[in-house]
Amino acid sequence: MDYDAMDEIDLIPSIIKTVEKILNGEKKTKAIKQWSQKWGLLNSDLTQPLEEIWLELYKIYKLWELYKGLANGDISLLKANIQLSDEIELDQDDVLIIESEDTYLKKAIIFKGEEFSVVEHHNFMKDDNNPESTVALFHLAETLEKELQNCTIFSHRMSISAGKDINDIKFTPALKVSTLKEAIYMQFYILLSENNQKICPVCNKPFSPNRIDQRYCIPKGPCYHTAKSRRYRKPKPPKILA
Ligand SMILES: [Zn+2]
């Protein structure tokens, strides 16, 4: 790779834009080719089937929807991606799991990729007013952990800079990942652990809000105006994925 993917803040927003384009009818081949020409392939191989790239990008898109819902406190976005069911099922040994006093069992169904995953037997507190947020957070943490399990932290270009005073010494650790896919998930992980950013609903760039009610990356900026004009247009019916 001739660029440092970890330094590119546009990486995730570019994926979201590409998936949105495809969902709005642009040819998969064209959009994914364009994206890959700029960013490269997701794994370290020299070739990768288009359909495989699509599924990976779509998975990241759906995960981003959960993250965006959490970061922006957008419960309706979370509800659009998570379905909670009251059904209590038997576990593998046919043992019925009984509700305890302060928790109850719910099954969360999270839509991801072209299939959905079922998060079973999550214990939610009875007074959890926002079970979707809890489910989203657990699902994000579990998925990121799984995707990053082979990642190691190298002391790559680690820097130590000394000031006049002994207390001025700054230690800057650095991360090194081996594939583009790992870079994407690592950026995701860093965002999640920083936990102080909101996501612009139009351009999908993370930003630190100056005011608690700031919704777009730049107050009254281009994204604010785009969102305002979008509101006057009729929403398109959702596309069924082939
Ligand atoms: Zn924006």
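A quick note: this is a predicted structure, and the numbers were derived from the prediction, not measured.

1. A few points about the environment of Leu 66
Topologically, Leu 66 is positioned in helix α3 (residues 50-71). Owing to a relative accessible area of 2%, Leu 66 belongs among the buried residues under this scheme. Distance in space between the C-alpha atoms of Leu 66 and Leu 77 is 7.4 Å, their sequence separation being 11 residues.

2. With respect to the coordination of the zinc ion
The protein atoms that coordinate the zinc ion are Cys 200 (SG), Cys 203 (SG), Cys 217 (SG) and Cys 223 (SG), at distances of 2.2 to 2.3 Å. Coordination at the zinc ion is tetrahedral, judged from the four donor atoms that bind it and the angles of 107 to 113 degrees they form at the metal. One chain supplies every donor to the zinc ion, and in sequence these donors are spaced C-x2-C-x13-C-x5-C. Here Cys 223 falls in the buried class, since its relative accessible area comes to 11%.

3. What about a positive patch on the surface?
A contiguous patch of positive charge, built from Lys 17, Lys 21, Lys 30 and Lys 38, is present on the exposed surface. Counting only elements with at least two residues in the positive patch, the list comes to α1 (11-23) and α2 (28-39). Position of Lys 17 among the secondary structure elements: in helix α1. Take Lys 17: its relative accessible area is 56%, and that puts it in the exposed class.

4. Examining the packing of α3 against helix α6 (residues 180-194)
At their nearest, the axes of α3 and α6 sit 12 Å apart, and the two run at 5 degrees to each other. Viewed along their axes, α3 and α6 adopt a mutual orientation that is roughly parallel. Counting all contacts with α3, which are made through Glu 56, Lys 59, Ile 60, Leu 63, Trp 64 and Tyr 67, the residues of α6 involved are Lys 181, Ile 184, Tyr 185, Phe 188, Leu 191 and Leu 192. Split into classes, the residues belonging to the contact of α3 with α6 amount to nine nonpolar, no polar and three charged.

5. Remarks on the nonpolar core
Counting 33 residues, the largest nonpolar core has Trp 35, Leu 57, Trp 64, Ile 184 and Phe 188 as its most contacted members. Where this core is concerned, the elements lending two or more residues are α1, α2, α3, α5 (131-147) and α6. Considering each element in turn, this core owes the most residues, nine residues, to α3. Ignoring anything within four residues of it in the chain, the contact list for Ile 184 reads Leu 11, Ile 12, Ile 15, Leu 42 and Ile 60. If you look at the next biggest cluster of nonpolar residues, it comprises seven residues, including Cys 200, Tyr 216, Cys 223 and Ala 227.

6. Some points on the side chain of Thr 18
Looking at where Thr 18 falls in the secondary structure, it is placed in helix α1. Taking the relative accessible area as the measure of exposure, Thr 18 reaches 6% and is therefore buried. If we ignore the near neighbours within four places in the chain, the residues touching Thr 18 are Ala 31, Ile 32 and Trp 35.

7. Focus on the packing of α2 against α3
Two elements in contact, α2 and α3, have axes whose closest approach is 11 Å; the angle formed by their N-to-C orientations is 80 degrees. Overall, the two elements α2 and α3 adopt an arrangement that is roughly perpendicular. Judged by residue contacts, Lys 28, Thr 29, Ile 32, Trp 35 and Ser 36 of α2 engage Leu 50, Glu 51, Ile 53, Trp 54 and Leu 57 from α3. Split into classes, the residues belonging to the contact of α2 with α3 amount to six nonpolar, two polar and two charged.

Rules and cut-offs
The numbering scheme is per chain: residues are counted from 1 as the chain's sequence reads. Reporting of local features is limited, given that this is a predicted model, to residues whose pLDDT is at least 70; pairs of side-chain atoms are given and counted only at 80 or more, and all residues count toward the totals for whole chains, interfaces and linings. With hydrogens and water set aside, each side-chain value is computed from the structure's full complement of heavy atoms. The way it works is that DSSP assigns letters per residue, a run of H or I at least four long becomes a helix, a run of E at least two long becomes a strand, and they are numbered from the N terminus. Only protein chains enter the calculation, and the probe is 1.4 Å; a residue is then buried if its accessible area is under 20% of its type maximum, exposed if over 50%, and partly exposed in between. As a rule, N, O and S atoms within 2.8 Å of a metal are its donors, except that Na, K and Ca use 3.2 Å; water is not among the atoms, so sites may look incomplete. Under the classification used here, a metal with four donors is tetrahedral if each angle lies between 85 and 135 degrees, square planar if opposite donors are over 155 degrees apart and the others between 65 and 115, a six-donor metal meeting that same test is octahedral, and anything else is irregular. A patch is a set of surface residues, each over 30% in relative accessible area and not in a salt bridge, joined within 9 Å for like charges and within 5 Å for the nonpolar side chains Val, Leu, Ile, Met, Phe, Trp and Tyr. Note that accessible areas follow from Shrake-Rupley with a 1.4 Å probe, and for residues the cover is restricted to the protein chains shown. Salt bridges are identified by distance alone: a Lys or Arg side-chain nitrogen within 4 Å of an Asp or Glu carboxyl oxygen. A positive count includes Lys and Arg, and a negative count includes Asp and Glu. His and the chain ends are not counted in either. Here the site of a charge means NZ on Lys, CZ on Arg, CG on Asp, or CD on Glu. Axis geometry follows a simple rule: fit a line to the C-alpha atoms, using only the stretch in contact for helices, then measure angles between N-to-C directions, giving values from 0 to 180 degrees. Comment on the angle field: the value is read as roughly parallel under 35 degrees, roughly antiparallel over 145, roughly perpendicular from 65 to 115, and oblique elsewhere. We call two residues in contact whenever any of their non-hydrogen atoms come within 4.5 Å of each other. Put simply, Ala, Val, Leu, Ile, Met, Phe, Trp, Tyr, Cys and Pro go in the nonpolar bin, Asp, Glu, Lys and Arg in the charged bin, and everything else, Gly too, in the polar bin. Nonpolar cores were defined as sets of buried Ala, Val, Leu, Ile, Met, Phe, Trp, Tyr and Cys residues, with membership established by side-chain atoms within 4.5 Å.

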